[in-house]
Number of protein chains: 4
Amino acid sequence: MKIKAGIVGAAGFAGAELTRLLLRHPSFELCAITSDALAGRALAEVYPAFAGASDLVFSKHDKSVLADLDVAFLAVPHTASLAMTPELIAAGTTVVDLSADYRLKDPAIYEKWYKVAHTSTDLLAKAAFGLPELTGDELASAAARRAAGEAVLVACAGCYPTATSLAAAPFLRAGLVEEGATVIVDALSGITGAGKKATERTHFCFANESVEAYGVGTHRHTPEISQILGLAPGRLVFTPHLVPMNRGLLSTVKMPLAKGADAPDPEELAAIQQRFYANSPLVEALPAGKLPKTASVAGTARAQVGVAYHAEARMIIAIGAIDNLGKGAAGQAVQCANIIFGLDQTEGLTSLAVGV
Amino acid sequence: MKIKAGIVGAAGFAGAELTRLLLRHPSFELCAITSDALAGRALAEVYPAFAGASDLVFSKHDKSVLADLDVAFLAVPHTASLAMTPELIAAGTTVVDLSADYRLKDPAIYEKWYKVAHTSTDLLAKAAFGLPELTGDELASAAARRAAGEAVLVACAGCYPTATSLAAAPFLRAGLVEEGATVIVDALSGITGAGKKATERTHFCFANESVEAYGVGTHRHTPEISQILGLAPGRLVFTPHLVPMNRGLLSTVKMPLAKGADAPDPEELAAIQQRFYANSPLVEALPAGKLPKTASVAGTARAQVGVAYHAEARMIIAIGAIDNLGKGAAGQAVQCANIIFGLDQTEGLTSLAVGV
Amino acid sequence: MKIKAGIVGAAGFAGAELTRLLLRHPSFELCAITSDALAGRALAEVYPAFAGASDLVFSKHDKSVLADLDVAFLAVPHTASLAMTPELIAAGTTVVDLSADYRLKDPAIYEKWYKVAHTSTDLLAKAAFGLPELTGDELASAAARRAAGEAVLVACAGCYPTATSLAAAPFLRAGLVEEGATVIVDALSGITGAGKKATERTHFCFANESVEAYGVGTHRHTPEISQILGLAPGRLVFTPHLVPMNRGLLSTVKMPLAKGADAPDPEELAAIQQRFYANSPLVEALPAGKLPKTASVAGTARAQVGVAYHAEARMIIAIGAIDNLGKGAAGQAVQCANIIFGLDQTEGLTSLAVGV
Amino acid sequence: MKIKAGIVGAAGFAGAELTRLLLRHPSFELCAITSDALAGRALAEVYPAFAGASDLVFSKHDKSVLADLDVAFLAVPHTASLAMTPELIAAGTTVVDLSADYRLKDPAIYEKWYKVAHTSTDLLAKAAFGLPELTGDELASAAARRAAGEAVLVACAGCYPTATSLAAAPFLRAGLVEEGATVIVDALSGITGAGKKATERTHFCFANESVEAYGVGTHRHTPEISQILGLAPGRLVFTPHLVPMNRGLLSTVKMPLAKGADAPDPEELAAIQQRFYANSPLVEALPAGKLPKTASVAGTARAQVGVAYHAEARMIIAIGAIDNLGKGAAGQAVQCANIIFGLDQTEGLTSLAVGV
């Protein structure tokens, strides 16, 4: 008996990637894909990569469609999850939410950055944050509650927060970063990060052969990164860039070494990351002298991290590479669902990067 | 007990793709990867996508390395297979050869196009041609011999021949193409098709933002296409092009309708392809009005084919899309090995395209 | 005193390229750019490449804006030119039309392919076809009429017809191609050819890392190519493809050698192209053994052509490379305007390709 | 009488771009292009974009070739300029050097970063640093000396230093940046920045669809940026990245606001940049709210800069976009040569970006 899964908002890039993963997952059965815009159209017609592999047809976001599911993956814009999740949970469906609606623990911060009221603070208080390598306890607790018969909610981390936090957390948690200093993050995302909607920004001829920064100082992943890493407001300067590739996200995190700390050598720093992820099968910490590139993880739920040290400036430079749709979205959602349902966290996620 | 496999020439792009597939294959165990140039270096160091996923180290092409294998995949340049295969077969190792050495049934044609003598004509006579959807009988026969204890040889089809023949064969075999008329093939390949060697042609800045034709009238896949499709010399005009993408190969085949034939409608033509591949799980024939794009099969062992009809010119235009490293090389090699070892032909090849 | 020029439909890619060229043209002064959609917005805001280089503001397509122009370049969709051109000509403004409205000499063919009536057949009869290397007489005659005070109309060739005809015409005009045989054209265009409108087809993530054929047997450039090359209906099979690059168009033309002709050697064929373009400063015929690539002409009004010969199939394979927005649109329009106004045809068009 | 110019090391990307610019320059005549590796080969054969546009042939780096030149542009690796420049200057040839050999005013810093002795410190002391918008005085003085008959030396700024310094200098010079604080620069370069040599790093299939950081903390442009901006050692953390595009370089500079300064509003910051470049025709400072993208300057000698302000972190984020081969190399070299020879600084550099 497989676990019955559905994807709400399956039309977008994260939804399509979830579809790709769940169609091949040993333990989940993908029973429903919804999209109000595409309702009635065949998956294989919209995404011809699925031709011959699935007969699924998009349906509307409808209670009847979702009624019998064990788990619903929500790949919807923020506020849409707020509108749907309480009912799903009440109906006994576990929710793995890829939107931002339940990520920020403090509803005031949500309201500040998203400009809408948080209407579901009870669920927010119980939601597990989905970045398994860093929030394993929250997920283990949710898994235990689900095993006891409760429908639970996972709020999966966003793409920039995932790459950034995986790179930086080992050093912050080890106390190697100067308390109160500003952490400076510059990140590069492939164009799938800008969404499936056809706009000038996503037009091939405007995105290709060009790079630009955007959302400087205003990107909504800022408070999420701060929350994961425990940075106070104003301690994080985050500058995302769009680069001309489909998938991939690289985050470069500059952190001042704690004033009292001895200058580390690169091997020590690499070893800190390696020990931190020794039991994390989907995160690879590279040896000293090696830095990750996004092609190494494209199309997968894997991350690679590395670190360099700038001796004169006493600065730790930690770098994380993910696929923004993989470990940064759909892959991580499946990893979280695996954990919640008591499966091996890598089940259905063992593919290696296609990029040579 | 898994089947013991090795890859000879694992350093190149086809070899790396074979490695990726075999590391995750349920029934094969990848025991050895060889490369004279990279001997002693770790796979994960050369291809960081494998970091954390494999501890394999490249070894030299050495008899001792290959001695205990059940099957050797040869991803080597032409003539190298001629030099190695007889010994491997004699030692009882089944060979799945990705090179061109055993593809052309007539050694005289090999010698004409490759400018070297064919030194292994006995094996050539027994080699099964590896394009399962079109040469299933040869492969079935080889599988039977292998089941009876014989080491067998499969000569896998090249990338251009695969895409071209999958698109065109249904119409040629149905007698819809004018006997003796010239078939005109134009094909577009991603840059992995030009190999891993760093040259001016493969330099990013020369390949990017440009397209060109090459090897016009002289490409060595010409006689291979002619052989598969049963075209006499001079009946095929083949023009390959390089296009700026990593993976993917599209072939557009123009075939004059047989003079006596009634003008078909597009639905009939599409139905011919669809019936032809009804039992081929890795080839999807699209419905009338749909044409394949390479992203739909990138990173997979799948092919998609489609067809259009030009009424005024009475011309059938059949189009095939593959990943040149997938169905065009490593994926097809694994498909052939599955067949030869009595496995389901799709085992280890079920991934869907990452390309959105 | 500079010649006063305006661009109608300056918002699209061809319009923007015309803007780029005319802002730097020694003899034309760009006085007006129109776009109903962008009226009131500054050019530099819409296309930041013009920041600091021009203060032009888009205005509506309005008679008053166009009243004082010596020449109007129309970069508008088909039928829009039909609606505007008669009035402009009547008002004494010379029109260089980049649309398809006045390209096809036979209005019945226009109506067949564009599904609308041709409402301006008098002007059509007088329009000069703008592909200077092949229709120099028409342009010279129009230039003479303009010099005599008449407002004239140039219908510039489309992108696929330009590359295809420049490659093929020398051989067809030399009588080397079998009369009545089918000419088979496969062409590859960069994504600017699909227009500025944001659609799924032009979305970076769908266009990137993929190729596909489109409009097979139905593309509207078919009758235009037939007209230029003097091919009867049904003698042309034209298959365009989209490839992932911004600019560039490569056309590969397969033409059967005339039955009576002696087999040419490659040098003879190359010499035929070279002699044909000996006095054409914007078309370079490459020596035997060299084939053009699009990067060599990207960003310019130049074309490069080459040729190969397939002896067994007795097939001439002529290849042309242009920038679809340069020689395929805006560059050619400026070249035509230069000729019409008695300037050197290369004025303002001397840049060499930026592509390395 | 045109000024006689030669390019030493014309085979590489910067050399080819210089060739493209000088072939079309109104006041310079390109008399010689040298390359030891390509000596004897025609320019148009090596770079087919020049077919039909130039008959130049590469010659060896030879005194006789360079003897009669008024100016030699050196597009050579570091140390090669040290070896050639003294002799050229002694022979009366003005040198515009694109290498790093004369950029660093302090030979000890050169020796520290380049691991070779500086053998030409007399010339170093007299060399003008070539970043006209920031070192106009040095160039004016050199121009005066050249006008008086002296052969002078210009050491053109590197690509990362140019984009970084143009973005940041207005704020540092205005005293808005905290004295002694660390400035953090992250920059993204197209692959031409990695050079013409075919390597794994520049192989299309490794560079495409991937991004990575490199040379973290060790890139040799670090001391050059520090020198231009007046930063003490250890006050600069510079992280360059390679991104998959041919040309373009974006630098994002994070600078802490001076402790005493009032929090600026974005309009004030933009106005500071705009005033700073009010008389700089090749640098465009964008209005508040607009950030530069590299496509806006690709293929040109122009730069665009913009700025954002992070209020909570009191951080100025200045961004500069150039073409690494244009304003970052060849375009800037021509701009410097224009100034040195008393021409308008924009002569031959008026082209606008081809990128749409």
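The name recorded for chain A in an unreviewed UniProt entry is N-acetyl-gamma-glutamyl-phosphate reductase, from Ellagibacter isourolithinifaciens. The record held by UniProt for chain A lists under Function (unreviewed entry) the comment "Catalyzes the NADPH-dependent reduction of N-acetyl-5-glutamyl phosphate to yield N-acetyl-L-glutamate 5-semialdehyde." UniProt, in its Catalytic activity (unreviewed entry) section for chain A, records the words "N-acetyl-L-glutamate 5-semialdehyde + phosphate + NADP(+) = N-acetyl-L-glutamyl 5-phosphate + NADPH + H(+)".

S.K.: With reference to specific residues and values, describe the interface of chain D and chain C.
M.R.: Taken together, the 30 residues of chain D in the interface contact 30 residues of chain C. Taking both sides of the interface into account, the surface hidden between chain D and chain C amounts to around 2,600 Å²; carbon and sulfur atoms contribute 59%. Between chain D and chain C we count zero salt bridges in total. Between chain D and chain C we count 14 residue pairs in polar contact (both at pLDDT 80 or more) in total. The leading source of residues in the side of chain D that touches chain C is helix α1 (residues 13-23) of chain D, at three residues. Classifying every residue of the side of chain D that touches chain C gives 14 nonpolar, eight polar and eight charged.

S.K.: Lay out the sheet that holds strand β4 (residues 71-74) of chain C with the relevant residues and their values.
M.R.: Residue and element names in this part refer to chain C. With respect to topology, seven strands assemble into an open sheet ordered β3-β2-β1-β4-β5-β7-β6, the strand pairing being parallel. Edge positions in the sheet fall to β3 (58-59) and β6 (128-130), since each of these pairs with one other strand and no more. Relative to strand β2 (residues 28-34), strand β1 (residues 3-8) runs parallel, the two sharing six bridges. Along β2, the bridge assignment pairs I3 with F28. Sheet strands in contact with helix α7 (residues 136-147) are β5 (94-97), β6 and β7 (153-156), and its direction is about 120 degrees off that of β6.

S.K.: Just give me the short version of the UniProt feature "active site" (unreviewed entry) in chain A, but keep the residues and values in it.
M.R.: Residue and element names in this part refer to chain A. Look at the UniProt record and you will see "active site" (unreviewed entry) annotated at C159. By the element assignment, C159 lies in helix α8 (residues 159-173). Residue class for C159 comes out buried when judged on its relative accessible area of 14%.

S.K.: I'd like a description of the domain arrangement of chain A, backed by residues and values.
M.R.: All names here are of chain A. We note that the domain assignment places domain 1 (3-157 + 327-340) and domain 2 (160-324) within chain A. The C-alpha centroid of domain 2 is placed 25 Å from the C-alpha centroid of domain 1. Between domain 1 and domain 2, the residue contacts involve 26 residues of the former and 33 residues of the latter. Note on domain 1 versus domain 2: buried area summed over both sides is about 2,200 Å², and carbon and sulfur give 61% of it. By the criterion of area lost to domain 2, the three top residues of domain 1 are W113, L134 and K327, representing 33% of everything that side buries.

S.K.: Just give me the short version of the packing of aromatic side chains, but keep the residues and values in it.
M.R.: Tallying each qualifying case throughout the model produces 34 aromatic pairs over all chains. Measuring from centroid to centroid gives 4.9 Å for Y110 of chain C and Y114 of chain C, while their planes differ by 20 degrees, and the two rings are stacked. Residue Y110 of chain C and its partner Y114 of chain C are both found in helix α5 (residues 107-114); the two are separated by four residues, about one turn of the helix. Residue class for Y110 of chain C comes out buried when judged on its relative accessible area of 0%. Accessibility expressed as a relative area gives 6% for Y114 of chain C, which makes it buried. Relative to F238 of chain D, the ring of Y160 of chain D has its centre 5.1 Å away and its plane inclined at 70 degrees; by these criteria the two rings are edge-to-face. Taken together, the residues span a long stretch of sequence, with Y160 of chain D in helix α8 (residues 159-173) and F238 of chain D in strand β10 (residues 236-242) at a distance of 78 residues.

S.K.: Provide a residue-level description of the relation of the copies chain D and chain C, including the pertinent values.
M.R.: Overlaying chain D on chain C yields an RMSD of 0.0 Å, the required transformation being a rotation through 180 degrees with an accompanying axial translation of 0.0 Å. Read as a symmetry element, the transformation amounts to a two-fold axis. Take the interface residues of chain D: 100% of them recur as interface residues in chain C, which is what a same-surface contact looks like.

Reading guide: rules and limits
- Residues numbered from 1 in each chain as written.
- Chains lettered and ligands numbered in written order.
- Predicted model: local features only at pLDDT ≥ 70, side-chain atom pairs only at ≥ 80, totals over all residues.
- Heavy atoms only, no water.
- UniProt positions renumbered as here; feature names shortened; annotations may be inferred.
- Contact = heavy atoms within 4.5 Å.
- Buried area = accessible area lost by both parts, 1.4 Å probe.
- Salt bridge = Lys/Arg side-chain N within 4 Å of Asp/Glu carboxyl O.
- Polar contact = N/O pair within 3.5 Å; in protein donor to acceptor, adjacent residues only side chain to side chain.
- Helix = DSSP H or I, 4+ residues; strand = E, 2+ residues; numbered from the N terminus.
- Nonpolar A, V, L, I, M, F, W, Y, C, P; charged D, E, K, R; others polar.
- Pairing = 2+ DSSP bridges.
- Axes fitted to C-alpha atoms, helices over the stretch in contact; angles between N-to-C directions.
- Buried < 20%, exposed > 50% of the residue type's maximum accessible area, 1.4 Å probe, protein only.
- Domains from an automatic or database assignment.
- Phe/Tyr/Trp six-rings, centres within 6.5 Å; stacked < 30°, edge-to-face > 60°.
- Least-squares fit on C-alpha atoms with pLDDT ≥ 70 in both.

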